[in-house]
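If you want the building blocks of each chain, they are given just below.
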Amino acid sequence: MPLVVIVGPPGSGKTTIGRALAAALDAPFRDVDADIAAAAGKPIPDIFVDEGEEHFRALEREAVRRAVAEHDGVLALGGGAVLAESTRKLLADVTVVHLRVDLAEAVKRTEIDKGRPLLQVNPRATLRRLMDERLPLYREVETFAIDTTGRDVDDLTAEIQARLAVRTALVSTVEVRDAETPYPVLIGRGTTDRLPDFLGKAARVAVLHTASTAALAERVGSLCPEGVDATLMELPDAEDGKTVAVAEQVWEALGAEGFTRTDLVVGVGGGAVTDLAGFVAACWLRGVAVVHVPTSLLGAVDAAVGGKTGVNTAAGKNLVGAFHPPRAVLVDLDHFTTLPERDLAAGLAEVVKAGFIADPVILDLVEADPAAALDARNPVVAELVERAIAVKAEVVGSDLKEGGLRAILNYGHTFAHAIEKLEHYRWRHGDAVAVGMVYAAHLGAITGRVDLVDRTEQVLESLGLPTTYEAGRWDDILKVMKIDKKNVGATQRFVLLDALAAPVVVDDVTAEQQREAYERLTA
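Residues numbered from 1 in each chain as written. Predicted model: local features only at pLDDT ≥ 70, side-chain atom pairs only at ≥ 80, totals over all residues. Heavy atoms only, no water.

Asker: Explain the overall build of the protein chain to me, please; I cannot follow it from the model alone.
Answerer: Along the protein chain, the regular secondary structure elements total 21 helices and 16 strands. Taken across its 523 residues, the protein chain has 53% of its residues classed as buried. When contacts within the protein chain are restricted to residue pairs at least 6 apart in sequence, long-range pairs at least 24 apart make up 74% of them. Counting 55 positive and 78 negative side-chain charges, the protein chain places the averaged centre of each group 4 Å from the other. (Helix = DSSP H or I, 4+ residues; strand = E, 2+ residues; numbered from the N terminus. Buried < 20%, exposed > 50% of the residue type's maximum accessible area, 1.4 Å probe, protein only. Contact = heavy atoms within 4.5 Å. Lys, Arg positive; Asp, Glu negative; His and termini not counted. Charge placed at Lys NZ, Arg CZ, Asp CG, Glu CD.)

Asker: Any chance you could explain the side chain of Glu-60 here in plain terms?
Answerer: By the secondary structure assignment, Glu-60 is in helix α4 (residues 53-70). A residue is classified by how much of its surface remains accessible, and Glu-60, at 4% relative accessible area, is buried. Beyond its immediate stretch of four places on either side in the chain, Glu-60 contacts Asp-33, Ile-36, Gly-78, Gly-80 and Ala-81.

Asker: Would you explain the environment of Asp-369 in this entry?
Answerer: Following the sequence through the fold, Asp-369 ends up in the loop between α14 (360-368) and α15 (370-373). Using a relative accessible area of 38% as the deciding quantity, one classes Asp-369 as partly exposed.

Asker: Looking at this structure, how should I read the sheet that holds strand β2 (residues 29-31)?
Answerer: Note on sheets: strands pair through backbone hydrogen bonds, and any given pair is parallel or antiparallel. Read from one edge of the open sheet, five strands run β2-β3-β1-β4-β5, paired in parallel fashion. Looking at strand neighbours, the two that pair on one side only are β2 and β5 (144-147), the edges of this open sheet. In this sheet, neighbouring strand axes are inclined to one another by 25° on average, regardless of whether the strands run parallel or antiparallel. For strand β1 (residues 4-7) and strand β3 (residues 74-76), the ladder comprises three bridges, and the chain directions are parallel. By the bridge assignment, Ile-6 is partnered in β3 with Ala-76. (Pairing = 2+ DSSP bridges. Axes fitted to C-alpha atoms, helices over the stretch in contact; angles between N-to-C directions.)

Asker: In this structure, what is going on with the sheet that holds strand β11 (residues 289-294)? I would like to understand it.
Answerer: Reading across from one edge, β6-β7-β14-β11-β10-β8-β9 is the order of the seven strands in this open sheet, with mixed pairing throughout. Sheet topology places β6 (172-176) and β9 (229-234) at the edges, where each strand pairs with a single neighbour. Direction aside, neighbouring strands of the sheet carry axes that sit 15° apart on average. Taken together, the four bridges between strand β7 (residues 183-188) and strand β14 (residues 328-332) define a ladder with parallel strand orientation. Residue pairing in the sheet places Ile-187 in a bridge with Val-331 of β14. Packed on one face of the sheet, helix α9 (residues 214-222) meets β8 (204-209), β9 and β10 (264-269) and runs near 165° to β8. Packed on one face of the sheet, helix α11 (residues 271-283) meets β8, β10 and β11 and runs near 170° to β10.

Asker: Sorry if this is basic, but what is going on with a nonpolar patch on the surface here?
Answerer: Where nonpolar side chains cluster on the molecular surface, the patch consists of Val-244, Leu-319, Val-320 and Ile-483 and spans about 290 Å² of accessible area. Mapped onto the elements, Ile-483 comes out in the loop between α20 (474-481) and β15 (494-499). (Patch = residues over 30% accessible without salt bridge, like charges linked within 9 Å, V, L, I, M, F, W, Y side chains within 5 Å. Areas by Shrake-Rupley, 256 points an atom, 1.4 Å probe, with all protein chains shown as cover. Salt bridge = Lys/Arg side-chain N within 4 Å of Asp/Glu carboxyl O.)

Asker: So what exactly am I meant to see when it comes to the nonpolar core here?
Answerer: If you look at the biggest cluster of nonpolar residues, it comprises 80 residues, and the most contacted ones within it are Val-185, Val-331, Phe-415 and Tyr-439. Per element, the largest residue contribution to this core is 11 residues, and it comes from helix α18 (residues 429-446). Residues contacting Tyr-439, with those up to four places away along its chain left out, are Phe-415, Trp-474, Met-481, Phe-494, Gln-514, Ala-517, Tyr-518 and Leu-521. In terms of nonpolar packing, the next biggest core, distinct from the first, is built from 22 residues, Val-5, Phe-48, Phe-56 and Val-96 among them. (Core = buried A, V, L, I, M, F, W, Y, C linked by side-chain atoms within 4.5 Å.)

Asker: In this structure, what is going on with the packing of aromatic side chains? I would like to understand it.
Answerer: To describe a pair of aromatic rings, you give the distance between the ring centres and the angle between the ring planes. Applying the stated criterion to the full structure yields six aromatic pairs. Ring geometry for Trp-251 against Phe-279: centres 5.8 Å apart, planes inclined by 50°, an arrangement best described as tilted. In this pair, Trp-251 sits in helix α10 (residues 244-257) while Phe-279 sits in helix α11, placing the two residues 28 residues apart along the sequence. You'll find Trp-251 and Phe-279 in the same group, each marked buried. When the ring of Trp-427 is compared with that of Tyr-469, the centres are 5.7 Å apart and the planes differ by 75°; the resulting orientation is edge-to-face. Within this pair, whereas Trp-427 is found in the loop between α17 (413-422) and α18, its partner Tyr-469 is found in the loop between α19 (453-462) and α20, the two being separated by 42 residues in sequence. One aromatic cluster in this structure is built from Phe-415, Trp-427, Tyr-439, Tyr-469, Trp-474 and Tyr-518. (Phe/Tyr/Trp six-rings, centres within 6.5 Å; stacked < 30°, edge-to-face > 60°.)

Asker: Looking at this structure, I do not really get the side chain of Glu-423. What am I missing?
Answerer: Structurally, Glu-423 is set in the loop between α17 and α18. Glu-423 has contacts with Tyr-469, Glu-470 and Arg-473, leaving out every residue within four places of it along the chain.

Asker: I'm lost on the packing of helix α3 (residues 44-51) against α4 in this one. Help?
Answerer: How two helices pack is summed up by the angle between their axes together with the distance between the axes. Where α3 meets α4, the closest approach of the two axes is 7 Å, and the angle between their N-to-C directions is 130°. Viewed along their axes, α3 and α4 adopt a mutual orientation that is oblique. Across from Ile-44, Ile-47, Phe-48 and Glu-51 in α3, the residues of α4 making contact are Glu-53, His-55, Phe-56 and Leu-59. Considering only residue class, the contact of α3 with α4 consists of five nonpolar, one polar and two charged. (Parallel < 35°, antiparallel > 145°, perpendicular 65-115°, else oblique. Nonpolar A, V, L, I, M, F, W, Y, C, P; charged D, E, K, R; others polar.)

Fair warning: the whole summary comes from geometry, so function is off the table for now.
Okay, here's the thing in structure tokens:
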């Protein structure tokens, strides 16, 4: 089976680029048109003249069949090879690069080559017709497309190599079963380039982003193939973007662009963008598909996975929202290498939480080398991310709508959300969760469960995360905690640990015990 197959219209550069790519990959090159000419003992134009196009197509089908079966390098097909259904079926399991070119440049290139039998009369009109007729077939077989217009061979070869490297790189996939159709979370380097695999039937893509992720959003938009329109929509930064007013502005834009139920929303950014993008998609036309491209560690392991979407209101954080699982989540580890260490640490708070509630190996990895956990280029980060996402996937797959088990993911969050509201969301979410986990550990010890206070403080402090909160604010904190989403009526509920990796939701924590845990936290 070929390493890669090159297809495209006449003049797109299949043979030239195919040869250059083969040389760059140190792989053999094969051209099906050359095979046909050799087998027939005459040039292709002579086959057309002597036996006609139908005979040529029969020779072509057989030559493609043999080449796909025998060749293990770069294989270039003739422009019309994709006309055969049998050929398109052969290409279903092969990496196919579709070379595109605009009409004007294709005409210039084919005028130089006079050996093209289908372009002898009125080449421009004929080429336009051929390109229009065959474009849907090229799209049907393509793995990805590259526009060759106005670009040199070396540049194109380098881009194709990079795209191929992404597809063959080590990528972990965690499957999340919290929807009727399970969806993948792809974890690796360069996974952003896999977006075209998840476009479905979309004719329009809305890329939601903030100013800080504008450049990446541009690249995400450029990944959409010809015929798919990408619209970039910039949101206010961080929690300022998570409001009903912002969502309404996006809906108005979707309406203006004519977004239908088969179109797609893509969230490019941290947890706030992911939450807003999911909420917008959940509500537009009562639900359109969304793909998340998280750019922060926190967004990757928390907001992007699990289908929970939401916006903030004056009453509290995420109290308005919907459950809307994404079509896919593309966790590109390359995005994390530019994060400030404080932001990376904040994301690790959610990772550590997963260690306490389900996977203690996470804690072992962090404790063994905290510096490695804070280095996005270190392989340990990839393992930590995958383990944390696997924990969340397992939980949400059993409880999509937070009926019971899913509440354990809120370990440390009751106190954390109170901090965030009181601090007007100026705290990083991960910082608040870190303090919230220490509070939960104190509650666990006070209520006679496992005492993990020291270990909780030590692992969080090793990452530079906060473990205390200011004194004198108990009444305010209690007021906010009483409207936590886990509560049932007037009954407060907390997620505590009976033992390491043994979470339990309890409703018998007294007011005195809650206050005592707070006082220990501020000591």
